[in-house]
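As a plain string of letters, each chain reads:
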Amino acid sequence: MADCLASLLATGDVDELRRQLRGAVPDRVVPPASAPPVASACAPHDPLRSTALSLANSMLERGCALLEASPPPEADSPPLAEAPHPWPIVDFPELQLQLFSQPVMGEPIWPAALALCRWLAAPARCEALCRGARVLELGAGCAAPALVARLVGGASSIALTDVDPDVLALMRANCALNRIPEEAFRTGLLDWREEEHIGRWAACSPPSPSARGYSLVLAADVLFSVGDIRPIARAVAQLLDPTLPESRFVIARSSLFEELQPTLVATLESFGLHLISSASTREEAACVLEFMQQRRV
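To keep things clear, this report deals only with the structure shown in the data block. A quick note: this is a predicted structure, and the numbers were derived from the prediction, not measured.

This part is about the pairing of strand S9 (residues 286-293). Most of S9 sits out of view: 7 of its 8 residues are buried. Here 7 bridges tie strand S7 (residues 248-254) to S9, and the two strands are oriented antiparallel to one another. Paired with alanine 252 across the strands is valine 288, a residue of S9. Pairing of strand S8 (residues 273-281) with S9 involves 8 bridges; the strand directions are antiparallel. Directly across from serine 280, in S9, lies its bridge partner cysteine 287. Between S8 and S9, which follow one another and run antiparallel, lie 4 residues, and alanine 285 among them has a positive phi close to 50°.

This is the structure in structure tokens:
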């Protein structure tokens with residue numbers, strides 16, 4: 001290691017020297033004093049190399065503290081390229097979708113979310129529901145349904161929300177993977193039990209800063225108990241654009257929670273959202289429910 005650092009010091013390759021030192025163990029690498037000197041018959045004494053070797057050993061001994069105290073690279077040095085995500089990519093050709101396979105709570109994409117994606121991608125429905133829509137997804141996770149609304153349906157913008165901050169990077173990575181322009185999406189935290197969160201997201205829905213709310217709200221696998229229903233219904237009623245009578249809320253739930261559906265339908269009805277269609281899927285063992293709001297202004 002010392003020989004390598006000596007060569008770098010001698011040639012003035014400071015950037016490579018920094019990289020080597022970051023991975024070095026700060027132990028002195030010269031042989032013990034009791035070890036006999038190694039004579040070299042073929043290598044003449046080189047004062048510059050000897051000095052560089054001595055400096056290299058000194059730098060190793062002092063470790064990373066010396067590295068941190070050294071001057072930064074020149075301002076015009078090119079930035080290091082960001083390492084690509086190590087996650088494998090999963091293709092869904094029928095949805096024109098790619099996703100990084102980074103498991104979200106155990107699954108790269110949950111069955112109900114996949115059912116919602118396929119429901120959205122149906123040609124006649126997709127054009128009517130998604131074209132030009134301002135879309136917000138609750139509990140988005142990997143953001144697959146909202147991405148399908150954009151990629152297949154032509155939604156004008158997608159807002160990707162979740163209560164878990166750990167999935168925000170995954171959302172952004174999936175948007176980049178599917179070449180969604182930065183101005184067409186945003187990501188952030190939204191807890192539908194928090195009025196402040198709901199109000200902040202409802203107040204502005206790019207790309208129309210003057211618009212309030214969204215024309216399409218999506219959710220999949222967000223209902224796990226009766227206690228979830230009323231907060232979600234209240235949040236959806238506030239997030240939908242009150243000036244658009246055709247604004248929709250589409251939710252996909254696992255068949256494991258079928259007993260929650262009557263309460264869900266009744267609660268959304270009390271907030272002015274009426275069930276207009278439902279579809280069960282055997283393959284994903286899920287049900288997709290579509291609600292439309294009544295005009296509130």
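For the pair helix H9 (residues 195-203) and helix H10 (residues 229-239), interaxial distance at closest approach is 9 Å and the crossing angle is 25°. Compared by their axis directions, H9 and H10 come out roughly parallel. The two elements H9 and H10 cross, and the hand of that crossing is right-handed. Of the residues in H10, those in contact with Glu195, Ile198, Trp201 and Ala202 of H9 are Arg234, Ala235, Gln238 and Leu239. When its residues are assigned to classes, the contact of H9 with H10 shows 5 nonpolar, 1 polar and 2 charged.

One finds Ile109 and Leu116 to be the most contacted residues of the largest nonpolar core, which totals 49 residues. Among the elements that make up this core, the one with the highest residue count is helix H5 (residues 111-121) (9 residues). Discounting chain neighbours no more than four positions away, the residues touching leucine 116 are Pro145, Leu218, Ala219, Ala220, Val250, Ala252 and Val288. In terms of nonpolar packing, the next biggest core, distinct from the first, is built from 30 residues, Leu136, Trp192, Trp201 and Ile229 among them.

Once that is clear, we can look at H5. Counted residue by residue, H5 has 9 buried out of 11 residues, so it is predominantly covered. Those residues of H5 not exposed but buried are Ala112, Ala113, Leu114, Ala115, Leu116, Cys117, Trp119, Leu120 and Ala121.

Another point: the pattern of salt bridges. As enumerated under the stated definition, the model contains 9 salt bridges in all. Between glutamate 283 and arginine 118 there is a salt bridge whose closest N-O contact spans 3.5 Å. Of this pair, glutamate 283 sits in the loop between S8 and S9 while arginine 118 is found in helix H5, placing the two residues 165 residues apart along the sequence. Residue glutamate 283 is classed as exposed on the basis of its relative accessible area of 67%. The salt bridge partner of glutamate 284 is arginine 118, with a shortest N-O separation of 2.3 Å. Separated by 166 residues along the polypeptide, glutamate 284 in the loop between S8 and S9 and arginine 118 in helix H5 bring together distant segments of the chain. Each of Glu94, Arg118, Glu283 and Glu284 takes part in a single network of salt bridges with overlapping partners.

Once that is clear, we can look at unusual backbone geometry. What is expected of a backbone is that most residues other than glycine have negative phi and most peptide bonds are trans. You will see that glutamine 96, though not glycine, has its phi angle at about 55°, which is positive. Topologically, glutamine 96 is positioned in the loop between strand S1 (89-92) and strand S2 (97-100). Even without glycine at this site, aspartate 221 takes up a positive phi of about 55°. Note on placement: aspartate 221 falls in the loop between strand S6 (216-220) and H10.

Let us now look at the environment of proline 86. One can find proline 86 in the loop between helix H4 (64-69) and S1. The exposed category is assigned to proline 86, whose relative accessible area is 71%. Residues proline 86 and serine 101, spaced 15 residues apart in sequence, show a C-alpha to C-alpha distance of 9.7 Å.

A few words now on the packing of aromatic side chains. Going through the model one piece at a time under the given rule, you end up with 4 aromatic pairs. With a centroid separation of 6.3 Å and 80° between ring planes, the pair formed by tryptophan 110 and phenylalanine 224 is classed as edge-to-face. Of this pair, tryptophan 110 sits in the loop between S2 and H5 while phenylalanine 224 sits in the loop between S6 and H10, and the two are 114 residues apart along the sequence. By relative accessible area, phenylalanine 224 is classed as partly exposed at 42%. Pairing phenylalanine 249 with phenylalanine 291 gives two aromatic rings, centres 6.1 Å apart and planes at 25°, and the pair type is stacked. Of this pair, phenylalanine 249 sits in strand S7 while phenylalanine 291 sits in strand S9, and the two are 42 residues apart along the sequence. Judged by relative accessible area, which is 0%, phenylalanine 249 ranks as buried.

Right, let's get into H10. Burial analysis of H10 places 8 of its 11 residues in the buried class, the great majority of the element. Those residues of H10 lying buried are Ile229, Pro231, Ile232, Ala233, Ala235, Val236, Ala237 and Leu239. Buried residues in H10 make contact with strand S3 (134-138), H9, S6, S7, helix H11 (261-270) and S8.

How each quantity is defined
Residues numbered from 1 in each chain as written. Predicted model: local features only at pLDDT ≥ 70, side-chain atom pairs only at ≥ 80, totals over all residues. Heavy atoms only, no water. Buried < 20%, exposed > 50% of the residue type's maximum accessible area, 1.4 Å probe, protein only. Helix = DSSP H or I, 4+ residues; strand = E, 2+ residues; numbered from the N terminus. Pairing = 2+ DSSP bridges. Axes fitted to C-alpha atoms, helices over the stretch in contact; angles between N-to-C directions. Parallel < 35°, antiparallel > 145°, perpendicular 65-115°, else oblique. Left-handed = near helix turned anticlockwise from the far one by under 90°. Contact = heavy atoms within 4.5 Å. Nonpolar A, V, L, I, M, F, W, Y, C, P; charged D, E, K, R; others polar. Core = buried A, V, L, I, M, F, W, Y, C linked by side-chain atoms within 4.5 Å. Salt bridge = Lys/Arg side-chain N within 4 Å of Asp/Glu carboxyl O. Phe/Tyr/Trp six-rings, centres within 6.5 Å; stacked < 30°, edge-to-face > 60°.

So, to be careful, I would describe these as geometric facts and stop short of saying anything about function.
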